[in-house]
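# Descriptive analysis of the structure
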Amino acid sequence: MTDRRAYLLMFVSVAAVWLLAVRLAGLPPLTLPPPSLVGQVLWDERATFAESALSTLSTALMGYAAANVIALALAIGALYLSWLEAFTTPWVVVLKNIPFVSLASLLIITMGSTILPRLIIVVLVCFHPLLANLNQGLKSADPVLVDRLRTLNGSRWEIFRHVLWPSALPYYLAAHEIAFTTSIVGAIVAEWFLSRQGLGHVLVKAMTEYRGDRIYAATLISSAMSFAAYWLCRWLGRRLTRWQRV
Amino acid sequence: MSKRFKAGPDILSRIHLAVAPGELVALVGASGCGKTTLLRMVAGLESTSDGTVEVLGTTAAKACALRQVGVAFQRAALVPSRTAVENVQLTLTITGKSSGHDPAQLLREFGLGDHLNAYPHQLSGGMQQRVNIAAALVHQPQILLLDEPLGALDEITRESMTEWLAGVLGRTRPTTLLVTHSVEEAVVLADRVVILSRYPGQIAYDLSVDLPRPRDIWGKPSEEFQATVRRVRSHLHAVLRATGL
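Residues numbered from 1 in each chain as written. Chains lettered and ligands numbered in written order. Predicted model: local features only at pLDDT ≥ 70, side-chain atom pairs only at ≥ 80, totals over all residues. Heavy atoms only, no water.

### Some words on the overall build of chain B
The secondary structure content of chain B amounts to 8 helices and 10 strands. Dimensions along the principal axes, computed over C-alpha positions, put chain B at roughly 50 × 45 × 30 Å. Buried residues in chain B amount to 51% of all 245 residues. Counting contacts in chain B only where the partners sit at least 6 residues apart, residues at least 24 apart contribute 69% of the total. With the model as given, the accessible surface of chain B reaches about 10700 Å², and the carbon-plus-sulfur share is 50%. The positive charge centre, built from 25 side chains, and the negative charge centre, built from 23, are 6 Å apart in chain B. (Helix = DSSP H or I, 4+ residues; strand = E, 2+ residues; numbered from the N terminus. Buried < 20%, exposed > 50% of the residue type's maximum accessible area, 1.4 Å probe, protein only. Contact = heavy atoms within 4.5 Å. Areas by Shrake-Rupley, 256 points an atom, 1.4 Å probe, with all protein chains shown as cover. Lys, Arg positive; Asp, Glu negative; His and termini not counted. Charge placed at Lys NZ, Arg CZ, Asp CG, Glu CD.)

Encoded structure:
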């Protein structure tokens, strides 16, 4: 089965299960709304949803960019400063294993409802796969190839550019498929705790008002955003590593 | 010179070896005798523990800085995301030499004219090794170091590649140090065969190979060729017996 057919089957199945659940469960429309009601609220409140989605996306992109800068700096720095990886590994492991919901609570107390704690949460949730894959990719470089360039008096930059980076690239691109989508989830969770805007805030507000249609609408938008992010990374990754499939 | 790793015993001990310009010296010996370590020291990839390695009248590291050394390892050192011709071009990019061979022309001469734009994973082991050797020769180095370049190939490919390599080295004549496990390969290609003992690695025999070129071994090897192979092999066996193998 091709990728496209598999995804089509999945979307059709989800729609069918949803319709069936609405018919069989007998729950009130605001608890389990039919797709038509969700479509209606999406249309009626399109300006609010668009503004919220844009806010979530901008938080996710800023945090994601910061996570990339930090991961690249640490992974590349560790190549040339042997102590750097040993020094940062405990920090990375501890931060990775602290439930980020607890961290979010701590950040609210210390920083208040500003953009900074939201960005920190996004960085924390998407930084680890980027760093782990970059480290793995850079270490997977062929040592014989490195030796070849050393015998040609290749500089550190030339060895990095021609050997280490091309080795790391497929790993780095694979990490984006996870990290970019996770950054959107991270942004929503951060908004849930810390913001008066964004899809996370829409979800909190809809829950307190028992508006199942809005919850479903926000969920659909955030899922579409994550899905688009995943496909963008996948498409870019396939373009940049086209040689692997020749 | 000698070589030991950390506080361990000598891997190579009291090695005195001089290679004349344009000469091809083959290093043979049992696994672990330090052949590759010796070659890596000449390439500037390992330091000596005692003594010095002099290449082109200077240290090995400085000789690399002159971009006059070409190295082909047993495993083809090719960038997977670059085509055959781009991999050969990489040597010129790194060395900054524009006076070398034309990479595409060199690959055509090496019988890879139809595979210039193939990626390494699309090439057979023999083809990859040709690209590897082309990448080591494209900048016309004065020194060529070959670390079992045919060691990973099957018997048939290896035979044809040995003949091909003899032709290439006969035309280009760089000063060459060849590490090999194959006595026949050493006798076909080399002007001298140096046999290393082990624990520690020392030069046990330094045998000259005074045979006319080209040396045909796969078709109808001459009596002289066979006698030379027997001579090298008997010395090698004597060294192996002396080290308990």
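### Considerations on the packing of aromatic side chains
Residue and element names in this part refer to chain A. The full count for this structure, using the stated rule, is 13 aromatic pairs over all chains. A centroid spacing of 5.4 Å and a plane angle of 70° characterise the contact between Tyr7 and Trp231, whose relative ring orientation is edge-to-face. Here Trp231 lies in helix H10 (residues 212-240) and Tyr7 lies in helix H1 (residues 3-25), a separation of 224 residues in the sequence. Judged by its relative accessible area of 29%, Trp231 is partly exposed. The structure contains a cluster of three or more aromatic residues connected by ring pairs, namely Tyr7, Phe11, Phe227, Tyr230 and Trp231. Stacked on the ring of Trp43, the Lys or Arg Arg46 has its end atom at 3.9 Å from the ring centre. (Phe/Tyr/Trp six-rings, centres within 6.5 Å; stacked < 30°, edge-to-face > 60°. Lys NZ or Arg CZ within 6 Å of the ring centre and 35° of its normal.)

### Topic: the domain arrangement of chain B
Residues and elements named next belong to chain B. By domain assignment, chain B separates into domain 1 (3-68 + 143-242) and domain 2 (80-141). Every contact between the two is made by 14 residues of domain 1 and, on the other side, 14 residues of domain 2. Of all residues in domain 1, Arg67, Met161 and Trp164 give up the largest surface area on contact with domain 2, accounting jointly for 40% of the area buried on that side. Linking domain 1 with domain 2 are 0 salt bridges, by the criterion used here. The interface formed by domain 1 and domain 2 contains 2 residue pairs in polar contact (both at pLDDT 80 or more). Within the residue set of the side of domain 1 that touches domain 2, elements represented by two or more residues are strand S7 (143-147) and helix H6 (155-172). Taken together, the residues of the side of domain 1 that touches domain 2 break down into 10 nonpolar, 3 polar and 1 charged. (Domains from an automatic or database assignment. Buried area = accessible area lost by both parts, 1.4 Å probe. Salt bridge = Lys/Arg side-chain N within 4 Å of Asp/Glu carboxyl O. Polar contact = N/O pair within 3.5 Å; in protein donor to acceptor, adjacent residues only side chain to side chain. Nonpolar A, V, L, I, M, F, W, Y, C, P; charged D, E, K, R; others polar.)

### Observations regarding the interface of chain A and chain B
With 17 residues of chain A in contact, the opposing surface of chain B contributes 29 residues. The shortest N-O distance in the salt bridge between A:Asp142 and B:Arg75 comes to 3.0 Å. At the boundary of chain A and chain B, one finds 8 residue pairs in polar contact (both at pLDDT 80 or more). Contributing elements (two or more residues each) for the side of chain A that touches chain B: helix H7 (143-151) and helix H8 (156-194) of chain A. The element contributing the most residues to the side of chain A that touches chain B is H7(A), with 7 residues. Here the side of chain A that touches chain B is composed, by residue class, of 7 nonpolar, 5 polar and 5 charged.

### Here's the deal with the domain arrangement of chain A
The parts lose accessible area when they come together, and the size of an interface is often stated as this lost area. Residue and element names in this part refer to chain A. Each assigned domain of chain A is listed with its residue range as follows: domain 1 (1-31) and domain 2 (33-245). Computed over C-alpha atoms only, the centres of domain 1 and domain 2 are separated by 28 Å. With 9 residues of domain 1 at the interface, the matching set in domain 2 holds 15 residues. At the boundary of domain 1 with domain 2, total buried surface from both sides reaches about 970 Å², with 71% on carbon and sulfur atoms. The three residues of domain 1 that bury the most area against domain 2 are Tyr7, Trp18 and Leu30, which together make up 56% of that side's buried surface. At the surface where domain 1 touches domain 2, the tally comes to 1 residue pair in polar contact (both at pLDDT 80 or more). Considering only residue class, the side of domain 1 that touches domain 2 consists of 7 nonpolar, 1 polar and 1 charged.

### Structural notes on the packing of helix H5 (residues 125-137) of chain B against H6(B)
All names here are of chain B. As a packed pair, H5 and H6 sit with axes 11 Å apart at the nearest point and diverge in direction by 15°. When the axes of H5 and H6 are compared, the pair comes out roughly parallel. Read as a crossing pair, H5 and H6 show a hand that is right-handed. Touching Gly126, Gln129, Arg130, Ile133 and Leu137 of H5 are Thr157, Met161, Trp164, Leu165, Val168 and Thr172, all from H6. By residue class, the composition of the contact of H5 with H6 is 6 nonpolar, 4 polar and 1 charged. (Axes fitted to C-alpha atoms, helices over the stretch in contact; angles between N-to-C directions. Parallel < 35°, antiparallel > 145°, perpendicular 65-115°, else oblique. Left-handed = near helix turned anticlockwise from the far one by under 90°.)

### Structural notes on the side chain of B:Asp191
Residue and element names in this part refer to chain B. Mapped onto the elements of the fold, Asp191 is located in the loop between helix H7 (183-189) and strand S9 (192-196). Only 3.4 Å separates the side chain of Asp191 from the side chain of Arg173, close enough to count as a polar contact. When near neighbours in sequence (up to four residues on either side) are disregarded, Asp191 contacts Gly22, Glu23, Leu24, Arg173, Leu207, Ser208, Val209 and Arg213.

### A word on the packing of helix H3 (residues 46-80) of chain A against helix H9 (residues 198-208) of chain A
Residue and element names in this part refer to chain A. Two elements in contact, H3 and H9, have axes whose closest approach is 6 Å; the angle formed by their N-to-C orientations is 130°. By the criterion of interaxial angle, the relationship of H3 to H9 is oblique. For the pair H3 and H9, the contacting residues are Phe49, Ser52, Ala53, Ser55 and Thr56 in the first and Gly198, Leu199, Gly200 and Val202 in the second.

### What to know about the pairing of strand S3 (residues 24-29) of chain B
All names here are of chain B. Burial analysis of S3 places 6 of its 6 residues in the buried class, which makes it a mostly covered element. On S3, burial covers both faces: Leu24, Ala26 and Val28 on one face and Val25, Leu27 and Gly29 on the other are all buried. Pairing geometry for S3 and strand S8 (residues 175-179), over 4 bridges, is parallel. Considered in S8, the bridge of Ala26 is made with Leu178. (Pairing = 2+ DSSP bridges.)

### A closer look at the sheet that holds S9(B)
Residue and element names in this part refer to chain B. The 6 strands are arranged S6-S7-S8-S3-S9-S10 in an open sheet whose pairing can be described as mixed. The open sheet has two edge strands with one neighbour each: strand S6 (69-72) and strand S10 (203-208). Within the sheet, the average angular offset between the axes of one strand and its neighbour, ignoring direction, is 15°.

### Concerning H7(A)
Taking burial as the measure, the 9 residues of H7(A) include 7 buried ones, the bulk of the element. Along H7(A), the residues that are buried comprise A:Val144, A:Leu145, A:Val146, A:Asp147, A:Arg148, A:Leu149 and A:Thr151. Residues of H7(A) that are buried make contact with H8 of chain A together with helix H1 (35-42), helix H2 (60-65), S6, helix H3 (84-95) and H5 of chain B. Sitting at the amino-terminal end of H7(A) is A:Asp142, which places a side-chain oxygen 3.0 Å from the backbone nitrogen of A:Val144. In the segment just after H7(A), A:Asn153 is the residue with positive phi, at about 65°.

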